[in-house]
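# Residue-level structural notes
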Amino acid sequence: MNEAAARLAALRAGLDAIAAALEQDYLAVLPGMIDRHDAGVREFCALPGANAHATEVRALRDAQQVLVERMRERQARLLELIRRQRQTSQAATAYAGAAAG
């Protein structure tokens, strides 16, 4: 396996690790993992002859886009949970105030 192929395999493995962390709710580690992955992609693209692996790079990009969509869906679910929690807290405060009043 040449250097470019090895790096592509490492990038794919890194993307798989990001997906696994997301699935397992290891959200605290995601920013660092994503930063390292992004740096790896930039380094790969700077390699001489990287354009010879355009098909593999497109497949990696497609996998990244799927993962980003999953992250957006997760974010939307979390935002909805936060909104519901706020409503519940506001309702509890209102009920407590009414009961005390």
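The structure displayed is predicted, hence computed values, not measured ones. (Residues numbered from 1 in each chain as written. Predicted model: local features only at pLDDT ≥ 70, side-chain atom pairs only at ≥ 80, totals over all residues. Heavy atoms only, no water.)

## What about the side chain of arginine 74?
What counts, and what does not: A run of DSSP states H or I qualifies as a helix once it reaches four residues; a run of E qualifies as a strand once it reaches two. Both are numbered from the N-terminal end. Three exposure classes are used, based on accessible area relative to the maximum for each residue type with a 1.4 Å probe and protein chains only: buried under 20%, partly exposed in between, and exposed over 50%. Contacts were defined at the residue level, with two residues in contact if any of their heavy atoms lie within 4.5 Å.
Along the chain, the position of arginine 74 falls in helix H3 (residues 54-100). For arginine 74, a relative accessible area of 14% translates into the label buried. Excluding residues that lie within four positions of it along the chain, arginine 74 makes contacts with Leu22, Asp25 and Leu27.

## Thoughts on the nonpolar core
The test is simple: Only buried residues count toward a nonpolar core, which is a set of Ala, Val, Leu, Ile, Met, Phe, Trp, Tyr and Cys residues joined through side-chain atoms within 4.5 Å.
In this structure, Leu30, Phe44, Leu60 and Leu67 are the most contacted members of the largest nonpolar core, which totals 17 residues. Going through the elements one at a time, helix H1 (3-23), helix H2 (30-46) and H3 are the ones with two or more residues in this core. Of the residues forming this core, the biggest block, eight residues, is contributed by H1. Setting aside chain neighbours within four positions, we find phenylalanine 44 in contact with Ala4, Arg7, Leu8, Leu11, Ala50, His53 and Val57.

## Points about the confidence of the model for the protein chain
The condition that has to hold: Known as pLDDT, the predictor's per-residue confidence is scaled from 0 to 100.
On average, the protein chain scores 91 in pLDDT, and the residues at 70 or more come to 98%. The lowest-confidence element of the protein chain is H3, averaging 90 in pLDDT; the highest-confidence one is H2, averaging 94.

## Quick word on the packing of H2 against H3
Think of two packed helices as two axes; the pair is described by the angle between the axes and how far apart they sit. Stated precisely, the cut-off is as follows: A fitted line through C-alpha atoms represents every axis, and for helices the fit uses only the stretch in contact; the resulting angles, taken between N-to-C directions, go from 0 to 180 degrees. For this classification, under 35 degrees means roughly parallel, over 145 means roughly antiparallel, 65 to 115 means roughly perpendicular, and everything else is oblique. Crossings are assigned a handedness: left-handed for a near helix turned anticlockwise from the far helix by less than a right angle, right-handed for a clockwise turn. Put simply, Ala, Val, Leu, Ile, Met, Phe, Trp, Tyr, Cys and Pro go in the nonpolar bin, Asp, Glu, Lys and Arg in the charged bin, and everything else, Gly too, in the polar bin.
Following both chains from N to C, one finds H2 and H3 inclined at 160°, their axes separated by 13 Å at the closest point. By the angle between their directions, the pair H2 and H3 is classed as roughly antiparallel. Helix-helix and strand crossings are classified by hand; for H2 and H3 the assignment is left-handed. On H3, the residues touching Ile34, His37, Val41 and Phe44 of H2 are Val57, Leu60, Gln64 and Met71. The class makeup of the residues in the contact of H2 with H3 is six nonpolar, two polar and no charged.

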